[in-house]
Amino acid sequence: MSDTLQALTGGTAVITGAGSGIGEGLARVAAEAGMRVVVADIAVDRAEAVAADIRGQGGEALAVKVDVADPASIDALADAAFDAFGEVTLLVNNAGVETLGFTWELPTELWEKTLNINIHGAIHGVRAFAPRMIASGRPGWIANTASIGGLGMMPIQTSYILSKHAMISFSECLFLEMQVKQSPIRVSAILPGPVATRIFEDSGQSSDTASAEHGAMMHAMLQADGMTGLEAAQVILPQIAAGEFWVSTHPEMTRQFAAARAAHLSALAMPSLPEEVLRGMGLEP
Ligand SMILES: NC(=O)c1ccc[n+]([C@@H]2O[C@H](COP(=O)([O-])OP(=O)(O)OC[C@H]3O[C@@H](n4cnc5c(N)ncnc54)[C@H](O)[C@@H]3O)[C@@H](O)[C@H]2O)c1
């Protein structure tokens with residue numbers, strides 16, 4: 001275990017979306033770091049399997065079903081975690097979904113679902129957990145999973161991309177709120193690059209061909225080029241433990257995206273994407 005991770009040892013982690021992908025990796029790495037882990041997911045069978053595996057390796061883990069789109073379900077998750085372990089020192093608002101479709105073609109339910117999970121899920125996570133974490137007076141960590149995509153723009157993924165911009169903004173404001181309160185809770189924004197998970201297999205999408213093609217292309221790209229969820233977690237968790245605000249899986253790519261975003265904004269440039277990106281998506285104007 002890295003020295004940095006020792007800051008987390010003996011604490012309790014709650015990770016949403018921990019039944020798969022990056023969240024599952026984070027649950028496993030947190031357990032290896034000596035944390036008790038609440039493995040929370042809407043897919044409770046997957047959460048149970050991850051928790052059982054952690055227990056099988058000598059760790060302490062509890063699976064809890066949560067729908068982060070439902071504030072009452074998040075309240076119940078917080079109660080379950082505090083009842084079981086008496087404290088929560090690390091909250092990772094990680095559950096998220098991909099959704100594909102032109103803004104005006106995406107059905108209302110998919111818009112609502114995406115924003116409720118990807119944005120409101122993290123907001124209600126903080127609302128439900130932070131008061132008890134702050135009141136404990138102990139050092140703690142709250143991390144929100146945004147995306148490297150939260151530094152850019154992408155047609156057809158509009159609902160997803162805007163939700164990830166929102167996660168960065170939310171995390172920045174939350175960081176400052178903790179400072180105003182002189183709270184020892186550190187806040188991080190996680191900006192994963194490509195990670196091979198089930199996110200595009202499970203994506204919601206409108207019925208047009210462009211969305212289906214784009215989804216298939218993104219899925220293939222992640223499976224071919226992405227690191228595993230466990231590898232992602234192994235680089236993410238030490239950064240959170242160290243109190244980094246910007247947490248990357250692909251630091252060079254993050255820096256490039258951030259520099260491109262900064263240049264774009266300081267020039268007040270028109271929205272644009274490189275032609276090869278548009279061509280790869282079958283979206284040349
Ligand atoms: N995979 C990538 O390349 C990548 C890149 C950038 C950001 N991310 C972000 O990482 C996070 C994790 O995604 P992943 O790639 O591991 O995907 P994943 O699909 O493998 O895992 C997401 C998990 O969230 C759960 N979930 C979905 N809706 C939920 C709900 N309403 N309540 C509770 N749990 C719910 C799913 O059941 C699933 O187990 C997401 O926020 C995603 O946007 C992923």
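Before any of the text, the structure's been laid out above.
If you're wondering where the values come from, they're calculated on a predicted model, not measured in any experiment.

The rules behind each value
Residues numbered from 1 in each chain as written. Predicted model: local features only at pLDDT ≥ 70, side-chain atom pairs only at ≥ 80, totals over all residues. Heavy atoms only, no water. Core = buried A, V, L, I, M, F, W, Y, C linked by side-chain atoms within 4.5 Å. Buried < 20%, exposed > 50% of the residue type's maximum accessible area, 1.4 Å probe, protein only. Helix = DSSP H or I, 4+ residues; strand = E, 2+ residues; numbered from the N terminus. Contact = heavy atoms within 4.5 Å. Pairing = 2+ DSSP bridges. Axes fitted to C-alpha atoms, helices over the stretch in contact; angles between N-to-C directions. Parallel < 35°, antiparallel > 145°, perpendicular 65-115°, else oblique. Left-handed = near helix turned anticlockwise from the far one by under 90°.

J.: Just checking my understanding: could you explain the nonpolar core for this structure?
T.: The nonpolar side chains of a soluble globular protein tend to be buried with one another. Judged by nonpolar contacts, the single largest core of 36 residues is most densely connected at V14, L77, F129, M133 and I142. Elements supplying a minimum of two residues to this core: β2 (36-41), α3 (71-85), α4 (108-135), α5 (158-180) and β7 (185-191). The greatest single-element share of this core, amounting to eight residues, is contributed by α4. What M133 contacts, discounting residues up to four positions off in sequence, is F82, V88, T89, L90, L91, R138, W141, I142 and I185. Core analysis: the next-biggest nonpolar cluster, separate from the first, contains 35 residues, L5, L8, I190 and I236 among them.

J.: Please explain the sheet that holds β7 as it appears in this structure.
T.: Consider a sheet: its strands pair through backbone hydrogen bonds, and that pairing is either parallel or antiparallel. An order of β3-β2-β1-β4-β6-β7-β9 is seen for the seven strands of this open sheet, with the pairing classed as parallel. Unpaired on one side and paired on the other, β3 (61-65) and β9 (246-248) mark the two borders of the sheet. Taken over all neighbouring pairs, the strand axes of this sheet differ in orientation by 20 degrees on average, direction set aside. Judged from the five bridges that link them, strand β1 (residues 12-16) and β2 form a sheet pairing that is parallel. Residue pairing across strands places T16 opposite A40, the latter belonging to β2.

J.: Would you take a moment to explain the packing of helix α1 (residues 21-32) against helix α2 (residues 44-56) for this structure?
T.: At a closest axis distance of 10 Å, the pairing of α1 and α2 adopts a crossing angle of 20 degrees. By the angle between their directions, the pair α1 and α2 is classed as roughly parallel. Crossing angle aside, the handedness with which α1 passes α2 is right-handed. Only V50, D53 and I54 of α2 make contact with α1, whose side of the interface consists of E24, A27, R28 and A31.

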